[in-house]
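# Per-entry structural report
Listed below are the residues making up each chain.
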Amino acid sequence: LLIDVSGSMSPYADALLRLAHVWVRAVPRHTEVFTVGTRLTRVTRALRGRDAEAALRAAGEQVPDWSGGTRLGEVLGAFLDRWGQRGMARGAVLVVFSDGWERGDPAMLGEQMARLRRLAHQVVWVNPHTGKAGYRPVQGGIAAALPHVDALLAGHSLATFAELVERVGHA
């Protein structure tokens, strides 16, 4: 799970980390969680704690770029260089939780998403704006990412989280 914790995603970050906590607790050997913004931060260990509030607090303390900007292309490249190529992404169902706002070069995000798509079994992008009436994924980052995504899902409610869990379960 790659969870965008930038300023534009801050209204959703708490709920997404809570979902990640449940996932880590339910499937600990097969779930890894990273936050993305201007940096990549692995928060899996912090989210393994039994107490949700303590786990979320511990994860939050590890994230240096909370509510900052977003450099998805650079951060995804760092993920692939450090963990993806070595096997974490190979054959995995990778879920990106982001609105796709990109401060960096959208072309770089497209290139990194293509790399990720070659490694992963499936790439699911969860965008909280997808469920809103009239939303169109035309921003540079999400537009660059979409050709390399198996599914674009909404991520703004418990019902959409249930759809995501079902999708990942059937992958």
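These figures come from a predicted structure and were not determined experimentally. Per-chain numbering applies: the sequence of each chain, read as written, is numbered from 1 onward. Residue-level local features of this predicted model are given only where pLDDT is at least 70; pairs of side-chain atoms are given and counted only at 80 or more, and the full residue set underlies all totals for whole chains, interfaces and linings. Only hydrogens and water are removed before side-chain values are computed, so all heavy atoms of the structure are retained for them.

## Some words on the packing of helix H1 (residues 10-26) against helix H3 (residues 52-62)
- Where H1 contacts H3, the axes come no closer than 10 Å and their chain directions differ by 115 degrees. As for how H1 packs across H3, the hand of that crossing is right-handed. Note on element contacts: H3 touches H1 through Ala52, Glu53, Ala55 and Leu56, opposite Asp14, Leu17, Arg18 and His21. Lines fitted to C-alpha atoms define the axes, with helix axes restricted to the stretch in contact, and inter-axis angles between N-to-C directions lie between 0 and 180 degrees. Helix and strand assignments follow DSSP, with helices taken as H or I runs no shorter than four residues and strands as E runs no shorter than two, numbered in order from the N terminus. Put simply, a crossing is left-handed when the front helix is turned counterclockwise from the back one by less than a right angle, and right-handed when it is turned clockwise. By definition, residues are in contact when any of their heavy atoms lie within 4.5 Å.

## Some remarks on the sheet that holds strand S3 (residues 40-42)
- Whether two strands pair depends on DSSP finding at least two bridges between them. Read across the open sheet, the six strands follow the order S3-S2-S1-S4-S5-S6; overall the sheet is mixed. Every interior strand has two partners, whereas the edge strands, S3 and strand S6 (151-154), have only one. When the angles between neighbouring strand axes are averaged without regard to direction, this sheet yields 20 degrees.
- Taken together, the three bridges between strand S2 (residues 34-36) and S3 define a ladder with antiparallel strand orientation. Across the sheet, threonine 35 pairs through a bridge with threonine 41, a residue of S3.
- Where helix H5 (residues 106-119) meets the sheet, its contacts fall on strand S4 (93-97) and strand S5 (122-127), and the angle it forms with S5 comes to roughly 135 degrees.

## Considerations on the nonpolar core
- Counting residues in hydrophobic clusters, the biggest one holds 28 residues, and the most contacted among them are Ile3, Val33, Leu47, Val95, Phe97 and Leu164.
- When residues of this core are traced back to their parent elements, those giving at least two are H1, helix H2 (44-47), H3, S4, S5, S6 and helix H7 (158-169).
- In terms of residue count, H1 provides more of this core than any other element does, eight residues in total.
- Each residue touching isoleucine 3, except ones within four places of it in the same chain, is listed here: Leu16, Leu17, Ala20, Val33, Phe34, Thr35, Val36 and Phe97.
- Among the nonpolar cores identified, the runner-up in size contains 23 residues, and Phe34, Leu72, Leu94 and Met113 belong to it. To form a nonpolar core, buried Ala, Val, Leu, Ile, Met, Phe, Trp, Tyr and Cys residues must be joined to one another through side-chain atoms within 4.5 Å. Partly exposed residues are those whose accessible area sits between 20% and 50% of the maximum for their type, while under 20% is buried and over 50% is exposed, using a 1.4 Å probe and protein chains only.

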